[in-house]
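Here is what each chain is made of, one letter per residue.
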Amino acid sequence: MKIAICDDDKTEQLQILELLEEHFKGRKNKPTIKTFSSSIELASIARYEQFNLYLLDIIMPVLNGIELAKEIRGFDKASDIIFLTSSPEFAVESYTVKASNYLVKPIQKAAFFQALDDISEKRMEESGKSIIVKSSFGVHKIYLSGLIYVEALNRKVIYYLKNGEQITTAERFSSVCDMLMQNSEFILPHRSFLVNMNYIRSITTTDMHLQNNKIIPLAQRRVSDIKKHYLAFQMEEVSP
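All residue numbers refer to positions counted from 1 along the written sequence of the respective chain. In view of the model being predicted, local features appear only for residues whose pLDDT reaches at least 70, and side-chain atom pairs are presented and counted only at 80 or more, with totals across whole chains, interfaces and linings using the full set of residues. The basis for every side-chain value is the complete set of heavy atoms in the structure, and neither hydrogens nor water enter the calculation.

1. Some thoughts on the overall build of the protein chain
In plain terms, the rule: The helix count covers DSSP runs of H or I at least four residues long, the strand count covers runs of E at least two residues long, and both are numbered beginning at the N terminus. Between the two quantities, the radius of gyration covers C-alpha atoms and the globule rule is 2.2 Å times the number of residues to the power 0.38. By definition in these notes, contact holds between two residues if any of their heavy atoms fall within 4.5 Å. Residue-level accessible areas treat just the shown protein chains as cover; the underlying method is Shrake-Rupley with a 1.4 Å probe.
The helix and strand tally for the protein chain stands at seven helices and 15 strands. Relative to the globule expectation of 18 Å for 240 residues, the C-alpha radius of gyration of the protein chain, 22 Å, shows a markedly less compact shape. Here the C-alpha coordinates of the protein chain stretch approximately 70 × 40 × 30 Å along the principal axes. When contacts within the protein chain are restricted to residue pairs at least 6 apart in sequence, long-range pairs at least 24 apart make up 47% of them. A total of about 13700 Å² of accessible surface is found on the protein chain, and carbon and sulfur atoms cover 51% of it.

As structure tokens, then:
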């Protein structure tokens, strides 16, 4: 990921840099970050050097942040833009350039980190693997990164998604398991449940607790294997 920071205040630039370094510390893929004190300079460079994320102040001389974002959108409609400004008055106008977020200074770390996480999650879903399923309401495209777990219930298969949606199909659960377990993040802790291990909060001797507060029973004869499988997955995820 390439990030451009544009703020005519050097102190503000430094604060944003420090927050970015803290947010990406220990992560496998660290971004390339460039700072700009002039909106005119960034507008000219961005035409030839593509950035994935722009962190823009709004109140700047000559070309303000909204005008800069409009320039960028003229040749780049795919990048994300976050406005970081001392004034809330441009919030509505920020929607005209499809800004991902609008944060008022002084920047709150939690809000800034959440904005970055939202962008990362969106990009992962857009580029990630997906499956197509058919329900009585039509055809659905499900991104695996947003699929928490699948349940077999009353000869139906129910997909539970991160956004709270539930999709019920008439598929065979065994076929769904065969398809999804080709991906390393899925595990079958019980004959009626298939779980995305990215959403596991904890595992006890009897249950699996998920991040959406769902409790999944464990097949008692396989508890040890389930825990080992999950541990191996976690180790793989954090390894460099």
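2. Considerations on unusual backbone geometry
Peptide bonds are trans in most cases, and residues, glycine excluded, mostly fall at negative phi. Cis geometry marks the peptide bond from Lys105 to Pro106; its omega dihedral reads 0°. As for its placement among the helices and strands, Pro106 is situated in the loop between strand S5 (101-104) and helix H5 (109-127). Positive phi, close to 75°, is recorded for Asn213, a residue that is not glycine.

3. Digging into the pattern of salt bridges
Heads up, the condition is: Salt bridge, as applied in this entry: a Lys or Arg side-chain nitrogen positioned within 4 Å of an Asp or Glu carboxyl oxygen. Under the scheme applied here, a residue whose accessible area is under 20% of the maximum for its type counts as buried, over 50% as exposed, and between as partly exposed, the area being computed with a 1.4 Å probe on protein chains only.
Inspection of the entire model under this criterion finds seven salt bridges. Where Asp7 meets Lys105, a salt bridge forms, and the shortest distance between an N and an O atom there is 2.6 Å. Of the two residues, Asp7 is situated in the loop between strand S1 (2-6) and helix H1 (10-24) and Lys105 in the loop between S5 and H5; the sequence distance between them amounts to 98 residues. Take Asp7: its relative accessible area is 1%, and that puts it in the buried class.

4. A few points about the environment of Ser94
Inspection of the secondary structure assignment puts Ser94 in helix H4 (residues 91-94). On the accessibility criterion, Ser94 (4% relative accessible area) is buried. Residues Ser94 and Ile81 lie 13 residues apart in sequence; the distance between their C-alpha atoms is 9.4 Å. Apart from the residues lying within four places of it in its own chain, the contact partners of Ser94 are Ile66, Phe83, Ala99 and Tyr102.

5. Here we look at the packing of aromatic side chains
Stated formally: Two aromatic rings from Phe, Tyr or Trp, using only the six-membered ring of Trp, form a pair when their centres are within 6.5 Å; if the ring planes differ by under 30 degrees the pair is stacked, by over 60 it is edge-to-face, and anything between is tilted.
Enumeration according to the criterion identifies six aromatic pairs in this entry. Judged by centre distance (6.2 Å) and plane angle (55°), the ring pair of Phe83 and Tyr102 falls under tilted. Here Tyr102 lies in strand S5 and Phe83 lies in strand S4 (residues 80-85), a separation of 19 residues in the sequence. Exposure remark for Phe83: the relative accessible area of 0% places this residue in the buried category.

6. Thoughts on helix H6 (residues 173-180)
Our working definition: Arc definition: directions from the helix axis to the C-beta atoms.
Among all positions of H6, only Phe173, Val176, Cys177 and Leu180 are buried. Projected onto a plane normal to the axis of H6, the buried residues spread over an arc of 100° and lie on a single side. The elements touched by buried residues of H6 are strand S6 (130-135), strand S8 (147-153), strand S9 (156-161), strand S11 (186-190) and strand S12 (193-196).

7. Some remarks on helix H3 (residues 65-73)
To keep it simple, the criterion reads: For the purposes of these results, a polar contact is taken to be a pair of N or O atoms within 3.5 Å, where, inside protein, one atom must be able to donate a hydrogen and its partner to accept one; residues adjacent in sequence count only when each atom of the pair is a side-chain atom.
Taken residue by residue, H3 has Gly65, Ile66, Leu68, Ala69, Ile72 and Arg73 as its buried positions. Taken around the axis of H3, the buried residues stretch over an arc of 160°, which confines them to a single face. Residue Asn64 occupies the N-cap position of H3, its side-chain oxygen lying 3.0 Å from the main-chain nitrogen of Ile66.

8. Digging into the environment of Leu19
For Leu19, the position within the fold is in helix H1. Each C-alpha atom, one on Leu19 and one on Gln108, is 9.8 Å from the other, the two residues being 89 residues apart in sequence.

9. Some words on the side chain of Asp7
A distance of 2.6 Å separates the side chain of Asp7 from the side chain of Lys105, its partner in a polar contact. Excluding residues within four positions of it along the chain, Asp7 makes contact with Glu12, Gln13, Phe36, Ser37, Asp57, Met60 and Lys105.

10. A closer look at the sheet that holds strand S13 (residues 200-203)
The strands making up a sheet are joined through hydrogen bonds of the backbone, oriented either antiparallel or parallel. Applicable threshold: When DSSP finds two or more bridges between a pair of strands, those strands are recorded as paired. Axes here refer to lines fitted to C-alpha atoms; in helices the fit is confined to the stretch in contact. Angles between the N-to-C directions go from 0 to 180 degrees.
Strands sit in the order S13-S14-S15 across an open sheet of three strands; the sheet is antiparallel. Either end of the sheet is taken by a strand with one partner, and the two such strands are S13 and strand S15 (215-217). Each adjacent strand pair in this sheet contributes to an overall mean axis angle of 25°, direction not counted. Two elements, S13 and strand S14 (residues 207-210), share three bridges in a ladder whose sense is antiparallel. Residue pairing in the sheet places Ile200 in a bridge with Leu210 of S14.

Just distances and angles here, no functional claims.
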